[in-house]
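Structural overview
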Amino acid sequence: MRKAVIAVVVLIVILAGAAYWLTNMNKSNNNTTNTPAPTNMETDKDMDGDEVTPTDESNSQTQKTNEVTIQNFAFSPANITVKKGTKVTWTNQDSVGHTVTADSGDGPNSQLLNQGQSYTFTFDTVGTFKYHCQPHPKMTGTVVVE
Ligand SMILES: [Cu+2]
């Protein structure tokens, strides 16, 4: 009987030791697999950053839309690109009145737009049209017609 008990105890000790060893193995394995993971994440972040930066630059340069919002004394987006024949609509969101006035030549030429009012101009000529707000000449925008 005692021999059997000793054998069981020895077996338990061996199993416990094996379990402990396996646990450590798993931990070290996890550590090994975890180590390259942050490197991949950093690489992804760098790739995302590289992708985002040129997108932001192109957004600030010109956007393909035919709707411009006038808000906080600014045209947004200030620079847009449209196809010939496109109707561009400006909507004033400010409580202050603004205009859409071509710097020169044929181009948009609105009345004073009150809050919520819109003005639409059809660009039938290819070219670059610069415009401003009459009461606030520092408010400027550009429409490139392709
Ligand atoms: Cu204005």
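That block above? That's the structure.
For the structure given in this document, a descriptive report is provided here. (Residues numbered from 1 in each chain as written. Predicted model: local features only at pLDDT ≥ 70, side-chain atom pairs only at ≥ 80, totals over all residues. Heavy atoms only, no water.)

So, on to the coordination of the copper ion. As a benchmark, a tetrahedral metal site with four donors has ideal angles of 109.5 degrees, while an octahedral site with six donors has ideal angles of 90 or 180 degrees. The coordination sphere of the copper ion, as far as protein atoms go, consists of His 98 (ND1), Cys 133 (SG), His 136 (ND1) and Met 139 (SD), spread over 1.8 to 2.7 Å. On the primary sequence, the residues serving as donors to the copper ion are separated as H-x34-C-x2-H-x2-M. Each member of the pair Cys 133 and Met 139 is classed as buried. (Donors = N, O, S within 2.8 Å, 3.2 Å for Na, K, Ca; no water. Buried < 20%, exposed > 50% of the residue type's maximum accessible area, 1.4 Å probe, protein only.)

In this fold, Asn 92 is placed in strand β4 (residues 86–92). At 2.8 Å, the side chain of Asn 92 forms a polar contact with the backbone nitrogen of Asp 94. Non-local contacts of Asn 92, meaning those with residues more than four positions away in its chain, are made with Ile 70, Gly 97, His 98, Leu 113, Asn 114, Gln 115, Gly 116 and Gln 117. (Helix = DSSP H or I, 4+ residues; strand = E, 2+ residues; numbered from the N terminus. Polar contact = N/O pair within 3.5 Å; in protein donor to acceptor, adjacent residues only side chain to side chain. Contact = heavy atoms within 4.5 Å.)

A word on the packing of aromatic side chains. Given two aromatic rings, one states the distance between the centres and the angle between the planes to describe the pair. Overall, the coordinates contain 6 aromatic pairs when judged by the stated rule. For the ring pair Trp 90 and Phe 123, a centre distance of 6.3 Å and an interplane angle of 55° mean the geometry is tilted. With Trp 90 in strand β4 and Phe 123 in strand β6 (residues 118–123), this residue pair connects regions lying 33 residues apart in the sequence. Of the two residues, Trp 90 and Phe 123, both sit in the buried class. Taken together, the ring pairs in this structure connect Phe 75, Trp 90, Tyr 119, Phe 121, Phe 123, Phe 129 and Tyr 131 into an aromatic cluster. (Phe/Tyr/Trp six-rings, centres within 6.5 Å; stacked < 30°, edge-to-face > 60°.)

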